[in-house]
Amino acid sequence: MSKFKNTDLLNYSEEVLDALNSGKPVVALESTVISHGLPYPDNASTALKIEQAVRDEGAIPATIGIENGKFVIGMTAQDIDRFASVKGIPKTTSRDIPVILAQRGMGATTVASSLVAADLAGIAFFASAGIGGVHRGAEKSMDISADLIQFTRSKVAVVCAGAKNILDLGLTLEYLETQCVPLIAWQSDDFPAFYCESSGYRSPHRIDDATQVASVIEHHWKLGNHSSVIITAPVNKEDAIDREEVEGIIRIAAEQAEREGIRGPGATPYLMRAVAKATEGKTVKANMSVLISNAAVGARLAVAHAHFLKNGG
Ligand code: PSU
Ligand code: MN
């Protein structure tokens, strides 16, 4: 018998279940980035490299998706190839989960829905490159990613490179503050902007020591919060893109989205594609680099957290 909840909804890989039962560090990973974030076959090869980066740091990867009425907690290479190549897998955010489960279809999990699964599965860490946020013009469109709301509900440490500056990062930071979500910049001063090293905004906290990050996470949970702690790590310097360089491109893409009436769940994929096209793939390369480097940071912190717990917290 597993010590975890609602296991009838969870289809664990043997490796992930073994790791969780023996207190080994596990890092949950999303699948929207596979099914919607990058073109095939780059998406499949990147997902495998992300998993390898987690293993290289001594943790076990658990790529998450939905299939056959259950969350997949730990995809095989064949699962990853299926999520990368099958057309029309719906982008599944938190509110879509019950529908996709009931219909027993495939679902590519976003940051938000992956956190729902990780929390149920008993996985303490999740890593991705870019979280959703408050969209530019949200004062009119009210487009605020469900990722931000889910952070207030899921007890998971989230390692990311901040959010893309297709969003309003100032408002995103305000929202996280209002919602009491701790935000820490790992070994840097600023809130990063995905493939840009800095968003231009300072992070409220900087921590350079992995054990201290583990301690912050445990303090947050000991305080009774059933919510996330966000830890940001910037893209590697050599793959970083200049903020000014993308700003003009984003402006044009956002105006075009507005003209074409692109709203709702299609907005983020639309903007990401438009920016990738306008930078002739430069952002795609940076995208892959930051996905891999963030997974490595997530794994390193998950390893430190597991040690911290073994040493009595
Ligand atoms: N940002 C990226 N790449 C992505 C996403 C965001 O740079 O692939 C995906 C993530 O799965 C994230 C989701 O959770 O988009 C947010 O979508 P929305 O803004 O519709 O909530
Ligand atoms: Mn949205």
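This write-up is about the structure you can find in this document. (Residues numbered from 1 in each chain as written. Chains lettered and ligands numbered in written order. Predicted model: local features only at pLDDT ≥ 70, side-chain atom pairs only at ≥ 80, totals over all residues. Heavy atoms only, no water.)

**Quick word on the overall build of the protein**
Okay, so step 1: When helices and strands are counted, the protein shows 13 helices and 13 strands.
Okay, so step 2: On C-alpha atoms alone, the protein measures out to a radius of gyration of 18 Å, which is about the 20 Å that the 2.2 N^0.38 rule sets for 313 residues.
Okay, so step 3: By its C-alpha atoms, the protein is 55 × 40 × 35 Å across when sized along the principal axes.
Okay, so step 4: Put simply, 74% of the contacts in the protein that link residues at least 6 apart link residues at least 24 apart.
Okay, so step 5: A total accessible area of about 14,000 Å² is found for the protein, and carbon and sulfur atoms account for 51% of it.
Okay, so step 6: Across the protein, the centroid of the 30 positively charged side chains sits 3 Å from that of the 36 negatively charged ones. (Helix = DSSP H or I, 4+ residues; strand = E, 2+ residues; numbered from the N terminus. Rg over C-alpha atoms; globule rule 2.2 N^0.38 Å. Contact = heavy atoms within 4.5 Å. Areas by Shrake-Rupley, 256 points an atom, 1.4 Å probe, with all protein chains shown as cover. Lys, Arg positive; Asp, Glu negative; His and termini not counted. Charge placed at Lys NZ, Arg CZ, Asp CG, Glu CD.)

**Let's talk about the environment of glutamine 187**
Okay, so step 1: Topologically, glutamine 187 is positioned in the loop between strand E9 (183-186) and strand E10 (190-193).
Okay, so step 2: You can call glutamine 187 partly exposed: its relative accessible area is 41%.
Okay, so step 3: Once the C-alpha coordinates of glutamine 187 and phenylalanine 71 are considered, the two residues, 116 residues apart in sequence, prove to be 34 Å apart.
Okay, so step 4: Discounting chain neighbours no more than four positions away, the residues touching glutamine 187 are Arg206, Ile207 and Asp208. (Buried < 20%, exposed > 50% of the residue type's maximum accessible area, 1.4 Å probe, protein only.)

**Describing the state of the cysteines**
Okay, so step 1: For the structure shown, the criterion picks out zero disulfides.
Okay, so step 2: No disulfide involves cysteine 160; its nearest neighbouring cysteine sulfur is the one of cysteine 196, lying 14 Å away.
Okay, so step 3: Among the residues examined, cysteine 160 registers a relative accessible area of 0% and is labelled buried.
Okay, so step 4: There is no disulfide at cysteine 180, and the cysteine sulfur nearest it, in cysteine 160, is 18 Å away. (Disulfide = S-S within 2.5 Å.)

**Quick look at helix H13 (residues 282-310)**
Okay, so step 1: Given a rise of 1.5 Å per residue, 29 residues ought to cover 42 Å, and the 43 Å separating the end C-alpha atoms of H13 matches this to within 8%.
Okay, so step 2: For H13, the tally of buried residues reaches 22 of 29 residues, placing the bulk of the element in the interior.
Okay, so step 3: Once H13 finishes, glycine 312 follows within two positions and takes phi at roughly 90°, a positive value. (Expected span 1.5 Å × (residues − 1).)

**Some thoughts on the pattern of salt bridges**
In a structure, side chains of opposite charge can pair up when their charged atoms sit close to one another.
Okay, so step 1: The tally for this structure, following the rule as stated, stands at 12 salt bridges.
Okay, so step 2: The residue glutamate 57 makes a salt bridge to arginine 300 at a minimum N-O spacing of 3.3 Å. Here glutamate 57, found in the loop between helix H3 (42-56) and strand E3 (60-67), pairs with arginine 300, found in helix H13; they are 243 residues apart in sequence, far enough to count as distant.
Okay, so step 3: A salt bridge links aspartate 208 to arginine 206, with the shortest nitrogen-to-oxygen separation between them at 2.8 Å.
Okay, so step 4: Classification of aspartate 208 by relative accessible area gives partly exposed; the value is 40%.
Okay, so step 5: One network of salt bridges, in which partners are shared, links Glu67, Asp79 and Arg82. (Salt bridge = Lys/Arg side-chain N within 4 Å of Asp/Glu carboxyl O.)

**Quick notes on the environment of arginine 206**
Okay, so step 1: Note that arginine 206 resides in strand E12 (residues 206-207).
Okay, so step 2: The spacing of arginine 206 and alanine 161 is 45 residues in sequence and 14 Å in space, taken between C-alpha atoms.
Okay, so step 3: When sequence neighbours within four positions are dropped, the list of residues in contact with arginine 206 reads Ala185, Gln187, Ser188 and Asp189.
Okay, so step 4: Polar contacts involving the side chain of arginine 206 include one to the side chain of aspartate 189, which spans 3.2 Å.
Okay, so step 5: Among the polar contacts made by the side chain of arginine 206, one reaches the side chain of aspartate 208 at a distance of 2.8 Å. (Polar contact = N/O pair within 3.5 Å; in protein donor to acceptor, adjacent residues only side chain to side chain.)

**Quick word on the sheet that holds strand E13 (residues 229-232)**
Okay, so step 1: What the nine strands build is an open sheet, ordered E1-E4-E3-E2-E7-E8-E13-E9-E12; its pairing is mixed. The open sheet is flanked by strand E1 (10-12) and E12, the only strands paired with a single partner.
Okay, so step 2: The pairing of strand E2 (residues 26-29) with strand E7 (residues 125-127) spans three bridges and is parallel. Looking across to E7, one finds that leucine 29 is bridged to alanine 127.
Okay, so step 3: Contacts from helix H10 (residues 210-222) reach E7, strand E8 (157-160), E9, E12 and E13, with the element oriented near 160° to E13. (Pairing = 2+ DSSP bridges. Axes fitted to C-alpha atoms, helices over the stretch in contact; angles between N-to-C directions.)

**Looking at unusual backbone geometry**
Okay, so step 1: Along the chain, tyrosine 40 connects to proline 41 via a cis peptide bond; the corresponding omega equals 5°.
Okay, so step 2: Notably, cysteine 180 is not glycine yet its phi reads approximately 65°, a positive angle.
Okay, so step 3: Take cysteine 180: it is sitting in the loop between helix H9 (169-178) and E9.
Okay, so step 4: The class of cysteine 180 is exposed, set by a relative accessible area of 58%.

**Structural notes on the site of ligand 1**
Okay, so step 1: Looking at ligand 1, there are 14 residues lining it, with Glu30, Lys91, Ser145, Asp147 and Thr268 nearest.
Okay, so step 2: At 2.9 Å, a side-chain N or O of lysine 164 approaches an oxygen atom of ligand 1.
Okay, so step 3: Contact with the protein chains removes 93% of the 470 Å² of surface that ligand 1 exposes when unbound.
Okay, so step 4: For the shell around ligand 1, the elements supplying multiple residues, two or more each, are helix H2 (32-37) and helix H12 (267-278).
Okay, so step 5: Tallied by class, residues from the shell around ligand 1 come to four nonpolar, six polar and four charged. (Near = heavy atom within 4 Å. Nonpolar A, V, L, I, M, F, W, Y, C, P; charged D, E, K, R; others polar.)

Treat this as a map of the structure, not an account of what it does.
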